[in-house]
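Examination of the molecular architecture
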Amino acid sequence: MTIKPILSFNDNGLRQEAQPVDEFNEDLRNLVEDMIDTMRAAPGVGLAAPQIGVSKRVIVVEFGNEDDELIPETLYVLVNPEIIQQSKNNVSGIEGCLSVPGYAGEVERAEVVTVRGKDQFGKKVKIRAHGWLARIFQHEIDHINGILYTDRADQIWQPTQEETDTI
Ligand code: ZN
């Protein structure tokens, strides 16, 4: 499909609460295809629809760990995602964002989350995620609520080299 331009942090489109999706139609599936293409081209490990200027509650995440066969590379598509459970335990980690190029920040997130939503065909999806995957879901769900990681970070800096995957 199409690689779309990614909005940057000063764009108002990133600061709005995105609209819920109520129709699981061809338009939604085209949007999801564009989001996957755009995320892979960036490259990034996650993307939310508002980042390509579409105010819809849709996120895509593609993450795996080549050193850990328990975490194979998996693509997640979530429409109207919600965090229905999260651990009390928080962990600190370094995040970057495709909409805040050239920066990184340290952000506290819940270590474990359970995320519920639907896929692009309307099928129910529920994922229990730990560690980095949990962090990516929290970062992307923030995007559809108009929140950037820079709002949560204690410290933001310009890394001299790639310190983190960009979400
Ligand atoms: Zn981001």
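Structure shown above.
In this report, we go over the structure that sits alongside the text. (Residues numbered from 1 in each chain as written. Predicted model: local features only at pLDDT ≥ 70, side-chain atom pairs only at ≥ 80, totals over all residues. Heavy atoms only, no water.)

Let us look at the pairing of strand E2 (residues 58-63). Across the six residues of E2, six count as buried, placing the element largely inside the fold. Judged by which residues are buried, E2 turns out to be covered on both faces: Val 58, Val 60 and Glu 62 on one side and Ile 59, Val 61 and Phe 63 on the other are all buried. Taken together, the three bridges between strand E1 (residues 46-48) and E2 define a ladder with antiparallel strand orientation. The residue of E2 that forms the bridge with Ala 48 is Ile 59. (Buried < 20%, exposed > 50% of the residue type's maximum accessible area, 1.4 Å probe, protein only. Helix = DSSP H or I, 4+ residues; strand = E, 2+ residues; numbered from the N terminus. Pairing = 2+ DSSP bridges.)

This brings us to the sheet that holds E2. Overall, antiparallel pairing links the five strands, which are arranged E1-E2-E3-E6-E7 in an open sheet. Each of the sheet's edge strands pairs with one partner strand only, and the pair in question is E1 and strand E7 (124-130). Sheet twist, expressed as the average angle between the axes of neighbouring strands with direction ignored, equals 40 degrees. For strand E6 (residues 112-118) and E7, the ladder comprises seven bridges, and the chain directions are antiparallel. What sits directly across from Thr 114, in E7, is Arg 128. Together, E1, E2 and strand E3 (74-86) form the strand contacts of helix H1 (residues 26-41), whose direction differs from that of E2 by roughly 40 degrees. (Axes fitted to C-alpha atoms, helices over the stretch in contact; angles between N-to-C directions. Contact = heavy atoms within 4.5 Å.)

A few words now on the sheet that holds strand E4 (residues 90-97). Taken in spatial order, the three strands make up an open sheet running E4-E5-E8, and their pairing is antiparallel. The open sheet has two edge strands, E4 and strand E8 (155-157), and neither has a second partner. Ignoring which end each strand starts from, the neighbouring axes of this sheet average 20 degrees apart. One ladder, built from three bridges, connects strand E5 (residues 100-110) with E8; its direction is antiparallel. Looking at the pairing, Gly 105 lines up with Ile 156 of E8. Against the sheet, helix H2 (residues 131-144) engages E4 and E5, with an angle of about 60 degrees to E4.

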